[in-house]
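# Structure assessment
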Amino acid sequence: MTATLNPETSGGTPARDISISEFGAQKALAILAQSGKESAGVRVFIKSGGCSGYQYGMAIDDRELEGDTIVFDRGVKLLVDRMSLPLLRGSEVDFVENMMGGGFTVHNPNATSSCGCGHSFRTDGGQSPDGQGSSGCGGH
């Protein structure tokens with residue numbers, strides 16, 4: 001069963017599984033408009049790897065898979081698979097620009113440590129899953 005949440009229209013103040021900042025939404029909507037995929041959203045996922053144990057991933061996706069949590073926030077459809085959701089719960093997708101350029105980032109309250117490049121994180125300060133995580137910041 002696919003869970004669909006709409007933080008913009010639900011009553012009260014529900015805990016969001018995932019959200020997107022205003023600036024992140026502007027950038028995501030522009031990218032989605034250029035994708036040519038009418039019903040596409042931003043898939044946010046976690047994979048093993050990176051220098052801290054887990055790595056964030058994002059992709060434009062027009063598929064809704066079994067078990068996905070789908071959140072509509074600021075006009076953007078965010079899709080999260082059931083394996084990634086526990087590690088992303090409460091996170092906010094954002095877009096940051098700096099002297100090195102710009103890109104999407106995830107502000108994750110579940111991360112207990114992260115690498116200097118901000119692309120990987122650890123949740124418990126323990127060993128990286130599956131013995132991975134020694135590739136360094138340049139290895140993603």
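Criteria and thresholds
Along each chain, residues carry numbers from 1 onward, in the same order as the chain's sequence is written. Reporting of local features is limited, given that this is a predicted model, to residues whose pLDDT is at least 70; pairs of side-chain atoms are given and counted only at 80 or more, and all residues count toward the totals for whole chains, interfaces and linings. Remark: hydrogens and water are excluded; side-chain values derive from all non-hydrogen atoms of the structure. Being paired, for any two strands, means DSSP has found at least two bridges between them. Helical segments are the DSSP runs of H or I of at least four residues, strand segments are the runs of E of at least two, and each set is numbered from the N terminus. Each axis is a line fitted through C-alpha atoms, and for a helix only the stretch in contact is used; angles between axes span 0 to 180 degrees, taken between their N-to-C directions. Note on contacts: a residue pair qualifies if any of its non-hydrogen atoms lie within 4.5 Å across the two residues. Here a Phe, Tyr or Trp ring, Trp counted by its six-membered ring, pairs with any other such ring whose centre lies within 6.5 Å, and the pair is stacked when the planes are under 30 degrees apart, edge-to-face when over 60, and tilted otherwise. Remark: exposure states derive from per-residue accessible area (1.4 Å probe, protein chains only) relative to the maximum for the residue type, with buried under 20%, exposed over 50%, and partly exposed in between.

- In the nomenclature of an unreviewed UniProt entry, the chain corresponds to HesB/YadR/YfhF protein from the organism Deinococcus aerius.

## Side note on the sheet that holds strand β8 (residues 101-107)
- With mixed pairing, the 3 strands of this open sheet are ordered in space as β2-β7-β8. Both outer strands of the open sheet, β2 (18-20) and β8, are each paired with one neighbouring strand and no more. The average angle at which neighbouring strand axes cross in this sheet is 25 degrees, direction not considered.
- Taken together, the 3 bridges between β2 and strand β7 (residues 91-98) define a ladder with parallel strand orientation. Paired with I18 across the bridge in β7 is S91.
- Running over the sheet, helix α1 (residues 22-35) touches β2, β7 and β8 and is turned about 80 degrees from β7.

## Some points on the packing of aromatic side chains
- With the rule as written, the count across this model stands at 2 aromatic pairs.
- Aromatic pair F23 and F95: ring centres 5.7 Å apart, planes at 80 degrees, arrangement edge-to-face. Within this pair, whereas F23 is found in helix α1, its partner F95 is found in strand β7, the two being separated by 72 residues in sequence.
- Aromatic side chains F95 and F104 sit 5.0 Å apart centroid to centroid with 85 degrees between the ring planes, which places their arrangement in the edge-to-face category.
- A relative accessible area of 13% places F95 in the buried class.

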